[in-house]
Amino acid sequence: MALPELEPAVLPPEAERLREEVRGFLAAARFEPRCDSWLTGADPAFSRELGARGWLGITLPVEYGGHGRSALERFVVIEELLAAGAPVAAHWIADRQMGPSLLAHGTPEQKRRFLPAIARGECFFAIGMSEPDAGSDLASVRTRAERTRAEPTRAEPTRAEPTPAEPTPAEPTRAERTPAEPTRAERTPAERTRAERDGGGWRLTGTKVWTSGAHLAHAIVVLARSTPSATRHDGLSQFVVELPSDGVTVRPIRGLSGEHHFNEVVFDGAPAELLGAEGAGWRQVTAELAYERSGPERFLSTFALVRLVCSVAPGAASGRLLGRLWALRQASLAVAGALAEGRAPELEAALVKDLGTRFEREVIDVARDRLGVEPDPVSPDPAARLLAQAVVQAPGFTLRGGTNEILRGIVARALEVG
Amino acid sequence: MADDRLLRETADAVLALDEPWPALVEAGLAGVGVPEEAGGSGGDLADAAVLLRAQGYHGAAVPLAETLLAGRLLAAAALPVPPGPLTVVPGRSARRVPWARRAHRLVVLDGDRVAVVAPDDVETVPGTNVAGEPRDDVTVRGELAAVPCPVTAGDVALRGALLRSVQLTGAMRRALELTVRHAGEREQFGRPVGRFQAVRQQLAELAGEAAVADVAVRAALRTPGDVFAVAAAKLNASRAAGAVADLAHQVHGAIGVTSEHPLGALTTRLWAWRDEFGGEAHWARRLGELGRVPWEEVTRTGGPPPEGATVW
Ligand SMILES: Cc1cc2nc3c(=O)[nH]c(=O)nc-3n(C[C@H](O)[C@H](O)[C@H](O)COP(=O)(O)OP(=O)(O)OC[C@H]3O[C@@H](n4cnc5c(N)ncnc54)[C@H](O)[C@@H]3O)c2cc1C
C-alpha cells in the first residue's frame with residue numbers, strides 16, 4: 001500500500017463560532033494552566049461547568065442529552081481547552097471515547113443511563129485495558145468474566161419495566177433539572193436500575209493497572225476474557241462496572257512526583273454488565289483506539305510551554321515548534337474529518353500519535369534552552385512549574401494509548417512491507 | 001480543470017517519459033494553472049499541484065514550477081505569456097535562478113515593475129544543484145521595457161516555496177514506495193530485510209515524516225497567500241526531505257547510491273529542493289517572528305488569506 005492521501009478537513013463556520021464562545025469562557029475562567037492537563041488536571045467542578053455550557057458529549061444525539069454537533073465542532077472545543085491548559089482530566093475519557101463507544105454498542109437502557117450524565121459532566125469513566133502482564137500485548141489480558149445467569153446476557157431490562165423504543169424520550173433539559181441532582185454514586189440502592197441490581201449477568205475477576213482517573217470515575221469499561229477457550233482475540237468482551245461497587249478495590253499508584261492520577265483496580269467477583277456484543281471486545285477496543293490516538297491531546301500536552309517560548313523568546317527555535325505544530329494539527333484534523341465520514345484511518349491515527357507525542361517532548365528541550373529556568377514544581381515562577389510538570393509526565397507521552405514502537409509497527413504493517 | 005483523475009493520469013504518464021517537455025506542451029500541461037486569457041491552459045493552483053506532485057514523484061527534469069510561476073506572474077501584470085519554458089528572475093541581478101540557461105524567456109522583476117527578456121539580453125553564469133538541474137546566476141544587461149506589476153519579489157519567494165514543497169511531497173511519496181518495495185524484495189539472513197523490526201521502524205518513521213509534510217502542503221495550497229501556512233508547509237517539507245532521504249538510503253543499502261538506481265533521482269532532488277526558496281531555518285525564523293501569539297496564529301490559518309495579501 002502507498003502512503004494515504006490525507007486531505008486536511010476544513011472547519012465549518014459554526015465550529016469557528018464555537019471557538020469564539022469557548023475562548024470567551026476561557027478568558028474569564030479561573031484555573032492555573034498546566035501541562036498534561038488532560039491526564040493530570042482533574043477538576044470535577046470545572047467538568048460540570050463545561051457540561052452546563054454544552055461542551056461535553058457534543059457529538060452525542062440530543063435525545064441522549066448530547067448536542068448533536070459534528071466531530072469537527074468537538075475538535076475545536078477540545079483543542080481550545082487543551083491549548084489553554086484547562087483542567088479537563090476528570091471527564092476526558094468519558095467524553096472522548098466512552099460516550100461514542102456506548103452510543104455505538106450500548107443498549108438503549110445503558111445509553112439512557114450514561115450518556116446524559118456524561119454530557120452533563122457528572123459521569124466520569126476509566127479505561128480498564130492494561131494489566132500487570134498485559135501491556136502492549138493487550139490481547140493477553142487475563143481478567144475473567146463469568147456469567148451469573150444462564151439466560152441471555154443482554155443487560156437490557158425487558159420484564160420489570162417496559163423498554164421504550166429508540167430514540168428514547170429526551171432527558172429533562174438543564175433548565176428543568178434541579179442543580180443539585182445526585183449523581184449515580186450518590187443514589188440509594190432503591191434508586192438503582194434493575195441492571196445495576198442484578199449486576200448485568202456477569203462477574204469480573206482480575207487486576208487492571210495504570211487505570212487513569214479510576215478514583216474519580218463513576219464507571220469503568222473493562223476488557224476481559226469471556227470465553228476461556230477461544231483464540232486470543234475472539235474470547236474478549238467489554239464490560240461496564242459502575243463505581244464504587246462491591247468486589248472492586250481502587251488503589252492509588254503514585255506517579256513520579258508523587259501525584260495520584262492512575263490506579264490499580266482489583267475485581268474480585270465484581271458484578272458487571274456487557275458492553276456491546278459478547279466476543280466483540282477486541283473489535284470494539286480497536287475502533288476506540290482510533291479516537292484515542294489521533295486527537296489534539298497527542299500534540300498539545302506541552303502547549304503551555306510553547307506559548308511561553310513564543311512570547312518570551314521568539315526566534316528560530318520557537319518558529320520551528322510552531323511550524324511543526326501547525327502541520328501536526330492539520331494531520332490530526334484530517335484524521336478527525338476521516339473519522340467523521342465513517343472511515344477508520346488506523347495508519348494515520350498511529351502516525352499522528354507517534355509524531356505528535358515526540359513533538360511534545362521536543363517542546364521541553366526548546367523550553368529548557370530558551371526559558372532559562374530549571375524545572376521546579378513549587379517555584380513561584382510559572383515557567384519553572386510548567387517545565388517541571390512537562391518533564392515528569394513526558395515518559396508517559398510516548399507510552400499511554402499504545403507505545404510509539406507499537407504504533408510504528410502498526411504503520412509498517414499497513415504499508416504492507418514484505 | 002474539470003476532471004482531476006484524468007489530469008492525474010495524464011500527468012503521470014507524461015512525466016514518466018525520459019524527455020517529458022515536448023509531451024507536456026503537446027498535452028497543454030505546461031500551461032496548467034495559468035489563465036487561458038493570458039495564454040495558459042487554465043485551471044487553478046490545485047490543478048498545477050497535481051502536475052508538480054507527479055513531477056516530483058518521477059524526478060522529472062523539467063522547469064514546470066518555474067514556467068508556472070512566471071506565467072502566473074505575467075498574467076497578474078496583464079502581460080501575454082510567451083510559449084516555451086520560462087523562469088522568474090527576482091531582480092536585475094539574481095543568484096541561482098532555476099533553469100535560467102534553458103529558459104525561452106526570462107521574466108525579470110525589478111522593484112514594482114516586470115519585463116520579459118530574451119536569453120541574449122542577460123549574462124548567465126551557469127551552476128547546477130545536486131540533482132543536475134540548472135541554477136544560474138543572472139545579470140540583466142541594458143534597459144528594461146518594464147510595466148507595473150502587483151506581485152513583489154517577496155510574493156514570488158513565498159509562492160516558490162509553496163511550489164517546491166509540492167514537488168518535495170511527490171518525490172517523498174515515490175521514495176517511500178521504492179523503499180517499501182525494496183525492503184520486501186531484498187533478502188538477507190534468509191528473509192526479506194523488511195521483516196526485521198529495526199527496518200520496519202525506519203519505514204514507519206519515513207512514512208510519518210512524509211505524511212505530515214504531505215498534509216501540511218495540501219493545507220497550505222488552500223491559502224497560498226498566507227505566509228504562516230506556506231512557511232509551515234515548507235518547513236515541514238524541507239525537514240521531512242532530509243529524514244526521508246536518509247532513511248530511504250539506509251534501507252536500500254549500497255544499491256541505492258548507484259546512478260542507475262531510480263532512488264538517486266529522488267533523493268538528490270530532496271537535498272536540493274529542501275534548501276531552495278528557503279530551508280527549515282529560514283522559515284523557522286519567519287514563523288518565530290509571526291507567531292508571538294502562537295495559538296491564535298496556528299488556528300487562524302485555514303481561513304482566508306490575511307488582509308493586504310496579494311491574490312495571484
Ligand atoms: C500516564 C499513563 C496513563 C495510562 N493510563 C491507562 C489507562 O487509563 N488505562 C489503561 O488500560 N492503561 C493505561 N496506561 C497503560 C498503557 O496503555 C501501557 O503503558 C502501554 O500499553 C504499554 O504497556 P506497558 O507499559 O506494559 O509496556 P510493555 O508492553 O511492557 O513495553 C515495554 C517496552 O517494550 C516495547 N515493546 C513491547 N512490545 C513490543 C513489540 N512488539 N515491538 C517493539 N517494542 C515492543 C514497548 O514499546 C516499551 O518500550 C497508561 C500508561 C501511562 C504511562
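This structure is a prediction, so every number in the text was calculated from the model and none was measured.

Please give an account of the environment of Pro13(A) that cites residues and values.
Residues and elements named next belong to chain A. Take Pro 13: it is sitting in helix α1 (residues 13-28). Taking relative accessible area as the criterion, Pro 13 reaches 54% and is therefore assigned exposed. Placed 60 residues apart in sequence, Pro 13 and Glu 73 show a C-alpha to C-alpha distance of 9.6 Å.

Mind laying out the packing of aromatic side chains, listing which residues take part and the relevant values?
In total, this model carries nine aromatic pairs over all chains according to the counting rule given. The interplanar angle of 65° and the centroid separation of 5.2 Å between the aromatic rings of Phe303(A) and Trp295(B) together place this pair among those described as edge-to-face. Here Phe303(A), found in helix α9 (residues 303-312), pairs with Trp295(B), found in helix α10 (residues 294-300), and the two come from separate chains. Take Trp295(B): its relative accessible area is 1%, and that puts it in the buried class. Taken together through their ring pairs, the aromatic side chains of Phe25(A), Phe31(A), Phe46(A) and Trp55(A) make up a single cluster. Residue placement shows Arg174(B) over the ring face of Tyr57(B); its charged tip is 5.4 Å from the ring centre.

I'd love a proper account of the domain arrangement of chain A, names of residues and values included.
All names here are of chain A. Along its sequence, chain A is organised into domain 1 (13-119), domain 2 (125-149 + 195-279) and domain 3 (295-414). If you average the C-alpha positions of domain 1 and of domain 2, the two centres end up 24 Å apart. On the side of domain 2, 18 residues touch domain 1, which itself brings 17 residues to the contact. Between domain 1 and domain 2, the buried area comes to about 1,400 Å², and carbon and sulfur atoms account for 70% of it. Its salt-bridge partner being Glu 242, residue Arg 113 comes within 2.4 Å of it at the nearest N-O pair. On inspection of domain 1 and its partner domain 2, the count reaches five residue pairs in polar contact (both at pLDDT 80 or more). The class makeup of the residues in the side of domain 1 that touches domain 2 is eight nonpolar, six polar and three charged.

Would you mind going over the site of the ligand in detail, with residue names and values included?
Surrounding the ligand, one finds 19 residues, the nearest of these being Ser130(A), Ser136(A), Trp210(A), Thr403(A) and Gln197(B). Each of chains A and B places residues near the ligand. The backbone of Ile127(A) places a nitrogen or oxygen atom 2.8 Å from a nitrogen atom of the ligand. At 2.7 Å, a side-chain N or O of Gln197(B) approaches a nitrogen atom of the ligand. Compared with its free state, where it exposes 970 Å², the ligand has 67% of that area covered by protein. Where the shell around the ligand is concerned, the elements lending two or more residues are β7 (260-275) and α13 (404-414) of chain A. Its residues placed into classes, the shell around the ligand shows seven nonpolar, ten polar and two charged. Residues lining the shell around the ligand come from more than one domain, with at least three contributed by each of domain 2 (125-149 + 195-279) and domain 3 (295-414) of chain A.

If you had to explain the sheet that holds strand β1 (residues 86-89) of chain B to someone new, which residues and values would you point to?
Residue and element names in this part refer to chain B. Sheet architecture is open: four strands sit in the order β1-β3-β4-β7, paired in mixed fashion. The sheet terminates laterally at β1 and β7 (147-148), the two strands that pair on one side only. Strand contacts of helix α4 (residues 64-76): β1, β3 (105-110) and β4 (113-117), with the helix running at about 70° to β1, the strand carrying the most contacts.

Thresholds applied
Residues numbered from 1 in each chain as written. Chains lettered and ligands numbered in written order. Predicted model: local features only at pLDDT ≥ 70, side-chain atom pairs only at ≥ 80, totals over all residues. Heavy atoms only, no water. Helix = DSSP H or I, 4+ residues; strand = E, 2+ residues; numbered from the N terminus. Buried < 20%, exposed > 50% of the residue type's maximum accessible area, 1.4 Å probe, protein only. Phe/Tyr/Trp six-rings, centres within 6.5 Å; stacked < 30°, edge-to-face > 60°. Lys NZ or Arg CZ within 6 Å of the ring centre and 35° of its normal. Domains from an automatic or database assignment. Contact = heavy atoms within 4.5 Å. Buried area = accessible area lost by both parts, 1.4 Å probe. Salt bridge = Lys/Arg side-chain N within 4 Å of Asp/Glu carboxyl O. Polar contact = N/O pair within 3.5 Å; in protein donor to acceptor, adjacent residues only side chain to side chain. Nonpolar A, V, L, I, M, F, W, Y, C, P; charged D, E, K, R; others polar. Near = heavy atom within 4 Å. Areas by Shrake-Rupley, 256 points an atom, 1.4 Å probe, with all protein chains shown as cover. Pairing = 2+ DSSP bridges. Axes fitted to C-alpha atoms, helices over the stretch in contact; angles between N-to-C directions.

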